[in-house]
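As a plain string of letters, each chain reads:
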Amino acid sequence: MSNTMCKAAEIADGIYAVGATDANETRFHGYHVNRGVTYNAYLIKGNNGKFTLVDTVRKEQSEQLVSKIRSVTDPKNIEAVIINHTEPDHSGAFPEIMKLCDPAVYATAAAAKFLKNMFGADASTVKNGDQVSIGGRTYVFAATPMVHWPDNMVTYLPSEKILFSNDAFGQHYASKEVFDTLSDVNVALEEATHYFANIVMPYRAQAAKAVQAVKTLKLDMIAPSHGTIWTEHIPDILKLYDALCSGQGSDATLVYDSMWGGTAQRADEALAELGKRYQSIKSFDLRNAHMSDVMAALSASKHVCIGSPTYNSRPTPRISTLLAEIEALAPPLKEYSIFGTFGWGGGASKKISEKLDALGLEKTFDLTRIS
Ligand code: FEO
């Protein structure tokens, strides 16, 4: 990619977005994404003319990061690197950056340990509430453990009222624009839900605490490490996180698989039964739908209705994966229902019930029958 295509965007006076965009990427963290991926990083000019880099990007995107940094300054002028989180989408380019400059590195104790393990690098450790002056600017660090790794923190720049929130409030949305005001905010909020459901949802209690802490800050910008930068729509993304972190769902989601079409034919019957109880119902045929989209719907659901034929005395592999994802990502489900078909022995309904009962959900109906 040429340097002319990799120009940093100045998001505030002396503060630049230097991250990478991959509009063609369809996978992230092992799951499907619909609108590409961004790995945001930020370069901040100090009063001394030196620079601080907040986060890096995925290793494969190192060239784009370095190119954007060069559009602002020679990388050797970077005097500090703040690592909010060491997952490879943010730390992958760290070794490349360290070849180009000799900065002080700031990270939580957990992140410092991971940097040592991953790259043999040394970092100064910071704790929740620590303030550090770099190049005449004050940075405030807030630890956000398990949102969604033990090493997570966010970095606040009080002078500009900017929160560099890393994964929190992020979205997979490779918009050409960096700000919410210039992007489609409804898409950004939809993708923030998708991101939350597939990454943050199991840790919503910890995320809820972080959201309450964020609400105490004076904010002009929330600059996450994925997707659009929140400005005018900060109240909207905070409201969305409040809802997603609440553990309360009010919708229903119907998900089914089918081998010969029998279970698919029964989906309308199950939908009609659900319609007596729920106003908002989303439906997915796993023969075509992406599991990550199902999990986004489940993030606002109280009820999951699962349809499966019996496959060797058990649910189909796709439904078994759904059950594993429900266990791993812990959507706020309270009840479930089942439908499906079998030819001789049955068994899918029993296995689905066993799994969801064990997760504490209440069964409401079972429309499984011989085909
Ligand atoms: Fe965007 Fe947890 O990495």
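Reading the values: the criteria
- Residues numbered from 1 in each chain as written.
- Predicted model: local features only at pLDDT ≥ 70, side-chain atom pairs only at ≥ 80, totals over all residues.
- Heavy atoms only, no water.
- Helix = DSSP H or I, 4+ residues; strand = E, 2+ residues; numbered from the N terminus.
- Buried < 20%, exposed > 50% of the residue type's maximum accessible area, 1.4 Å probe, protein only.
- Contact = heavy atoms within 4.5 Å.
- Polar contact = N/O pair within 3.5 Å; in protein donor to acceptor, adjacent residues only side chain to side chain.
- Pairing = 2+ DSSP bridges.
- Axes fitted to C-alpha atoms, helices over the stretch in contact; angles between N-to-C directions.
- Core = buried A, V, L, I, M, F, W, Y, C linked by side-chain atoms within 4.5 Å.
- Domains from an automatic or database assignment.
- Buried area = accessible area lost by both parts, 1.4 Å probe.
- Salt bridge = Lys/Arg side-chain N within 4 Å of Asp/Glu carboxyl O.
- Patch = residues over 30% accessible without salt bridge, like charges linked within 9 Å, V, L, I, M, F, W, Y side chains within 5 Å.
- Areas by Shrake-Rupley, 256 points an atom, 1.4 Å probe, with all protein chains shown as cover.
- Phe/Tyr/Trp six-rings, centres within 6.5 Å; stacked < 30°, edge-to-face > 60°.
- Parallel < 35°, antiparallel > 145°, perpendicular 65-115°, else oblique.
- Left-handed = near helix turned anticlockwise from the far one by under 90°.
- Nonpolar A, V, L, I, M, F, W, Y, C, P; charged D, E, K, R; others polar.
- Right-handed = clockwise from strand over helix to strand, strands pointing away.

### A short note on the environment of Arg277
Piece 1. With respect to the helices and strands, the residue Arg277 is situated in the loop between helix 8 (262-275) and strand 18 (281-285).
Piece 2. Taking the relative accessible area as the measure of exposure, Arg277 reaches 41% and is therefore partly exposed.
Piece 3. As a C-alpha pair, Arg277 and His303 span 26 residues in sequence and 9.9 Å in three-dimensional space.
Piece 4. If near-sequence neighbours (up to four positions away) are discounted, Arg277 is found in contact with Thr364 and Phe365.
Piece 5. Only 3.4 Å separates the side chain of Arg277 from the side chain of Glu273, close enough to count as a polar contact.

### So, the sheet that holds strand 14 (residues 153-157)
Piece 1. The sheet built from five strands is open, its strands ordered 12-13-14-15-16 with mixed pairing. Unpaired on one side and paired on the other, strand 12 (131-134) and strand 16 (221-224) mark the two borders of the sheet. Pairs of neighbouring strands in the sheet enclose a mean axial angle of 25°, with direction left out of account.

### Considering the nonpolar core
Within soluble globular proteins, side chains that are nonpolar generally end up buried alongside one another.
Piece 1. Of all hydrophobic cores here, the largest spans 82 residues; its most connected members are Phe169, Trp230, Val304 and Leu322.
Piece 2. When residues of this core are assigned to domains, at least three map to each of domain 1 (9-245) and domain 2 (253-369).
Piece 3. With sequence-adjacent residues up to four places away left out, Trp230 is seen in contact with Phe169, Gln171, Asp180, Val185, Ala188, Leu189, Ala192, Asp220, Met221, Ile222, Pro224 and Ile237.

### Details of the domain arrangement of the chain
The extent of an interface is frequently quoted as the accessible surface area lost upon association of the parts.
Piece 1. Segmenting the chain into domains produces domain 1 (9-245) and domain 2 (253-369).
Piece 2. Using C-alpha coordinates to define each centre, domain 1 is positioned 36 Å away from domain 2.
Piece 3. The interface is formed by eleven residues belonging to domain 1 together with eleven residues belonging to domain 2.
Piece 4. Contact between domain 1 and domain 2 buries roughly 950 Å² in total, counting both sides, with carbon and sulfur atoms accounting for 59%.
Piece 5. On the surface where domain 1 and domain 2 come into contact, there are zero salt bridges.
Piece 6. On the surface where domain 1 and domain 2 come into contact, there are seven residue pairs in polar contact (both at pLDDT 80 or more).

### A few points about the environment of Phe51
Piece 1. One can find Phe51 in strand 8 (residues 51-54).
Piece 2. If we ignore the near neighbours within four places in the chain, the residues touching Phe51 are Tyr16, Leu43, Ile44, Lys45, Val72, Thr73, Asn77, Ile78, Glu79 and Ala80.

### Considering a nonpolar patch on the surface
Piece 1. Together, Met259, Trp260 and Tyr311 line one region of the surface with nonpolar side chains, adding up to about 430 Å² of accessible area.
Piece 2. Within the secondary structure, Met259 sits in the loop between strand 17 (251-256) and helix 8.

### A short note on the packing of aromatic side chains
Piece 1. What the rule picks out here adds up to nine aromatic pairs.
Piece 2. Their ring planes at 40° and their centres at 5.6 Å tell us that Phe94 and Phe119 sit as a pair that is tilted. Linking Phe94 in helix 3 (residues 94-100) with Phe119 in helix 4 (residues 109-119), this pair joins segments that are 25 residues apart in sequence.
Piece 3. Ring centres 5.3 Å apart and planes at 85° place the aromatic pair Phe196 and Tyr241 in the edge-to-face group. You can see Phe196 sitting in helix 5 (residues 185-200) and its partner Tyr241 sitting in helix 7 (residues 234-245), a full 45 residues away along the chain. Across this residue pair, the class does not change: Phe196 and Tyr241 are buried.
Piece 4. Taken together, the ring pairs in this structure connect Phe28, Tyr31 and Tyr195 into an aromatic cluster.

### A few points about the packing of helix 6 (residues 204-215) against helix 7
Piece 1. Where helix 6 contacts helix 7, the axes come no closer than 9 Å and their chain directions differ by 150°. When the axes of helix 6 and helix 7 are compared, the pair comes out roughly antiparallel. In this structure, helix 6 crosses over helix 7, and the sense of that crossing is left-handed. Residues Arg204, Ala207, Ala208, Val211, Gln212, Val214 and Lys215 of helix 6 form the contact with helix 7, whose participating residues are Leu238, Tyr241, Asp242, Leu244 and Cys245.
Piece 2. Counted by class, the contact of helix 6 with helix 7 contains eight nonpolar, one polar and three charged residues.

### Focus: unusual backbone geometry
Piece 1. In this structure, His148 follows Val147 across a cis peptide bond, with omega equal to 15°.
Piece 2. Structurally, His148 can be placed in the loop between strand 13 (137-143) and strand 14.
Piece 3. Positive phi, normally seen in glycine, also occurs at Asp55, with a value near 70°.
Piece 4. With respect to the secondary-structure elements, Asp55 resides in the loop between strand 8 and helix 1 (62-70).
Piece 5. For Asp55, a relative accessible area of 3% translates into the label buried.
Piece 6. You will see that Asn166, though not glycine, has its phi angle at about 55°, which is positive.
Piece 7. Among the residues examined, Asn166 registers a relative accessible area of 2% and is labelled buried.

### Let's talk about the pairing of strand 20 (residues 335-339)
Piece 1. Across the five residues that make up strand 20, a large majority, five, are buried.
Piece 2. The side-chain alternation of strand 20 yields two buried faces, one formed by Glu335, Ser337 and Phe339 and the other by Tyr336 and Ile338.
Piece 3. In this structure, strand 19 (residues 301-307) lies alongside strand 20, joined through five bridges in parallel fashion. Note on strand 20: the bridge partner recorded for Gly307 is Phe339.
Piece 4. Crossover strand 19 to strand 20 through helix 10 (residues 317-329) is right-handed.

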